[in-house]
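# Summary of the model geometry
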Amino acid sequence: MPLHTLALFMVTTILVVVSPGAAAIAIASQGATNGSRRALSGALGIATANATYFVMSAAGIASLLLASDLAFAVVKWSGIAYLTWLGLQALFSSAGAIRVQVAGPRSSLARLFAQGYAVEIANPKAVIYFSAILPQFLDHRSAIYPQLLVLGVITFVIDLGGYGIYATLGSYMARGNLRPGIATMLNKCAGAALLFIACRMVTLKARMAL
């Protein structure tokens, strides 16, 4: 896999992870009520849920890349539309800022993990990512499963790191050490970057013309 393709995949995955959503809000809330370190258990739950989707979709992705160019074009434009929607939502949504509530007793690590897993396994964002974005970074001319393994490990690590940051943000906001305006600024920067990635994907003329 070319390094520039791998780099674009990493940037895209990071932006998708940090864009505001149900999982990000859930982990930020866990960080506010349980502390950032304990909330890492919830982040692990989210990463595990995404790994579940990754394994379930691996065979389908491999089959897709061996299918027609039309099928791949549908996937490509679905991914572009999804990234554009995420970017516009982050830029213009009035609810873009992270908001957390500090209430209730601390939860056990197992409960935090289960909450993270449940939120992400029911999240359509994960389904769309693995079905419409991931296939565009695989080279159908080379062995598919080694590529899937590499990208799967990278995704797992990014999930842990990205949602770990949300746990820290939630903890800081609960203590009054982070103003909501900063979170809003981060969201808008992520939105602009997502739109850039979507435009970058429009220029792809072939399956691996990155």
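Residues numbered from 1 in each chain as written. Predicted model: local features only at pLDDT ≥ 70, side-chain atom pairs only at ≥ 80, totals over all residues. Heavy atoms only, no water.

## Side note on the overall build of the chain
Across its full length, the chain holds 8 helices and 0 strands. Helices and strands appear in the chain in the N-to-C order α-α-α-α-α-α-α-α. Counting across all 210 residues of the chain, residues that qualify as buried make up 47%. Within the chain, counting contacts between residues at least 6 apart in sequence, those at least 24 apart form 90% of the total. (Helix = DSSP H or I, 4+ residues; strand = E, 2+ residues; numbered from the N terminus. Buried < 20%, exposed > 50% of the residue type's maximum accessible area, 1.4 Å probe, protein only. Contact = heavy atoms within 4.5 Å.)

## Observations concerning helix α5 (residues 109-121)
With 13 residues, α5 extends 18 Å between its outermost C-alpha atoms, agreeing within 8% with the 18 Å of an ideal straight helix rising 1.5 Å per residue. Of the residues making up α5, those classed as buried are L112, G116 and E120. Looking down the long axis of α5, one finds its buried residues gathered within 60 degrees of arc, a one-sided arrangement. Facing away from the buried side of α5, by more than 90 degrees, are the exposed residues A110 and R111. (Expected span 1.5 Å × (residues − 1). Arc of directions from axis to C-beta.)

## Focus on the environment of Y172
Within the element layout of this structure, Y172 appears in helix α7 (residues 144-174). Residues Y172 and A28, 144 residues apart in the sequence, show an inter-C-alpha distance of 9.5 Å.

## Here we look at the packing of helix α2 (residues 22-34) against α5
Between α2 and α5, whose axes approach to 9 Å, the crossing angle comes to 165 degrees. Considering their axes alone, α2 and α5 lie roughly antiparallel with respect to each other. α2 and α5 meet at a crossing whose hand is right-handed. Where α2 approaches α5, its residues A22, A23, A26, Q30 and N34 are matched on the opposing element by L112, Q115, G116, V119 and E120. Residue classes in the contact of α2 with α5 are distributed as 5 nonpolar, 4 polar and 1 charged. (Axes fitted to C-alpha atoms, helices over the stretch in contact; angles between N-to-C directions. Parallel < 35°, antiparallel > 145°, perpendicular 65-115°, else oblique. Left-handed = near helix turned anticlockwise from the far one by under 90°. Nonpolar A, V, L, I, M, F, W, Y, C, P; charged D, E, K, R; others polar.)

## Overview of the packing of aromatic side chains
Inspection of every chain in the model, using the stated rule, returns 3 aromatic pairs. Ring plane angle 70 degrees and centroid distance 5.4 Å describe the contact between F9 and F137, whose orientation is recorded as edge-to-face. Pair noted here: F9 is in helix α1 (residues 3-18) and F137 is in the loop between α6 (124-133) and α7, with a separation of 128 residues, a long-range link. Given a relative accessible area of 0%, F9 falls into the buried group. (Phe/Tyr/Trp six-rings, centres within 6.5 Å; stacked < 30°, edge-to-face > 60°.)

## Overview of the side chain of S171
Within the fold, S171 resides in helix α7. Setting aside residues no more than four positions away along its own chain, S171 makes contact with G31, A32, G35 and S36.

## A few points about α2
For α2, with 13 residues, the first-to-last C-alpha span of 18 Å sits near the 18 Å given by 1.5 Å per residue. Those residues of α2 lying buried are A23, A24, I27, A28, Q30, G31, A32, T33 and N34. Just downstream of α2 lies G35, where phi reads positive at about 90 degrees.

## Some thoughts on the nonpolar core
By size, the foremost hydrophobic cluster in this structure holds 34 residues, and its most contacted members are F9, L134, L151 and Y163. Of all elements in the fold, only α1, α2, α3 (36-65), α4 (69-92), α6 and α7 reach the threshold of two or more residues within this core. Per element, the largest residue contribution to this core is 9 residues, and it comes from α7. Residue contacts for F9: discarding those within four places in its chain leaves Y129, L134, F137, L151, I154 and T155. (Core = buried A, V, L, I, M, F, W, Y, C linked by side-chain atoms within 4.5 Å.)

## With respect to the environment of Y53
With respect to the helices and strands, the residue Y53 is situated in helix α3. Placed 78 residues apart in sequence, Y53 and S131 show a C-alpha to C-alpha distance of 9.5 Å. Apart from residues no more than four positions distant in its own chain, Y53 is found in contact with E120, I121, A122, A126, V127 and F130.

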